[in-house]
Amino acid sequence: MTVTRELVLAGGQGRSRRPFLARGLLAALLWGLVSTPCVVTAQPSAPTPAPRPAPASVPAAVSAGARTTGPVSAPAGPPSSSGPTSTQGIQRHRVTGMVLSVDAPRRTLLVSHDAIEGVMDAMTMAFEASEPGELAGLTPGMAVTFTLVMAKGGARAEAITVVPYDSVELDPMVARRLALLEALTGTPRPAPLAVGDVVPDVTLTDQTGTPVSLSTLRGQVVVMNFVYTSCALTQFCFRVTNHFAIVARRFEERLGRDLTMVTVTFDPARDTVDVLRSYASQWHADARTWKFLTGSADDIRRVCDMFGVTFFPDEGLMNHSLRTVVIDRTGTLAGKIEGNEYSATQLGDLVADVLTTPR
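Residues numbered from 1 in each chain as written. Predicted model: local features only at pLDDT ≥ 70, side-chain atom pairs only at ≥ 80, totals over all residues. Heavy atoms only, no water.

1. Observations regarding the sheet that holds strand 10 (residues 290–293)
Pairing within the open sheet is mixed, and its 5 strands lie in the order 10-9-8-13-14. In this open sheet, the two edge strands, each paired with only one partner strand, are strand 10 and strand 14 (333–338). The average angle at which neighbouring strand axes cross in this sheet is 15 degrees, direction not considered. When strand 8 (residues 221–227) meets strand 9 (residues 259–265), the two strands line up parallel, connected through 7 bridges. Residue asparagine 225 lies in a different strand from strand 9, and its bridge partner there is threonine 263. Sheet strands touched by helix 7 (residues 297–307): strand 8, strand 9, strand 13 (323–327) and strand 14. Its angle to strand 8, the strand with the most contacts, is close to 110 degrees. (Pairing = 2+ DSSP bridges. Helix = DSSP H or I, 4+ residues; strand = E, 2+ residues; numbered from the N terminus. Axes fitted to C-alpha atoms, helices over the stretch in contact; angles between N-to-C directions. Contact = heavy atoms within 4.5 Å.)

Here it is as structure tokens:
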């Protein structure tokens, strides 16, 4: 109450304000002397934070506009105090795709690969294998997966693994079991052609009733698949035929000039010339550039055996395997695709590589 009263009184009396201020300052000084130690010890300054290691340098292929959100495996071991070690900045990405060609002397493989998250879109690219042995057994048309190791000095493919076709659907699985049973009963089929083998000649009949021999197609690249028109599962015969329709549009200017498409039925009893003509019209196929072929049971069996196509009648339908092949201008088997899990783009990339690579 005393202080309040003095403050109020001091509001209009200049002489009484000075004694009040003096007494207040003196009280503040005395309170500071009582509450503060006389000896002042210098406090140590806060430690200066150690500099953080600079972020690992991004490989040129990634830093050129690509995102870097893909899976990255951090190198083991603590960073050096002087900055990133030689093991820093390494990125590892899983890659899946189709082999288009293999260059063993240069230790590279050309792959039509799916998008690599954070690195690049789906495209065709050559990769250097980490070891020459990584390329052993690889042929065009194979599905592969590998680890792309990217570092400041470049990139390489390691742990290259062939992905076997293993459908969970009925037709190919049953076909495989029946093929095994056929082999066990003593009636095995001849070994199919391997990539690099010359394709023997065979004559079948197209959707116009015209005989077509493979030998007459020499000088052109031939892409061939196998279907039957009554196939009830759209993910098989319909899918691979649809891939052909997409490839036909992609190479429209080259069809009939240096590329011919061939679809062979393995159900010749029902897929007659008239049936194939109707089926071909559904795909807007020009008989001069996309030939749907049928023939005798023996000739069909022969051409299917050449490429490893198995098929068996089953209650009015067919259990069958799936093959798509590419034959180069010399009549040599240049690529072989198993199954239906490839894309039309990958098939087109394989065709493009065979068209543009001297053989």
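2. With respect to the pattern of salt bridges
Counted according to the given criterion, the structure contains 10 salt bridges. Measuring nitrogen to oxygen at the nearest pair gives 2.7 Å for the salt bridge that ties arginine 254 to aspartate 258. Between arginine 270 and aspartate 267 there is a salt bridge, and its shortest N-O distance comes to 2.7 Å. Judged by its relative accessible area of 5%, aspartate 267 falls in the buried class. Taken together, the shared-partner salt bridges connect Arg254, Asp258 and Arg329 into one network. (Salt bridge = Lys/Arg side-chain N within 4 Å of Asp/Glu carboxyl O. Buried < 20%, exposed > 50% of the residue type's maximum accessible area, 1.4 Å probe, protein only.)

3. With respect to the packing of helix 5 (residues 234–250) against helix 8 (residues 344–356)
Between helix 5 and helix 8, the shortest axis-to-axis distance is 9 Å and the interhelical angle comes to 50 degrees. On the basis of their axis angle, the class for helix 5 and helix 8 is oblique. At the point where helix 5 passes helix 8, the crossing takes the right-handed sense. Residue-level contacts link His243, Phe244, Ile246, Val247 and Arg250 of helix 5 to Ala344, Thr345, Leu347, Gly348, Asp349 and Ala352 of helix 8. (Parallel < 35°, antiparallel > 145°, perpendicular 65-115°, else oblique. Left-handed = near helix turned anticlockwise from the far one by under 90°.)

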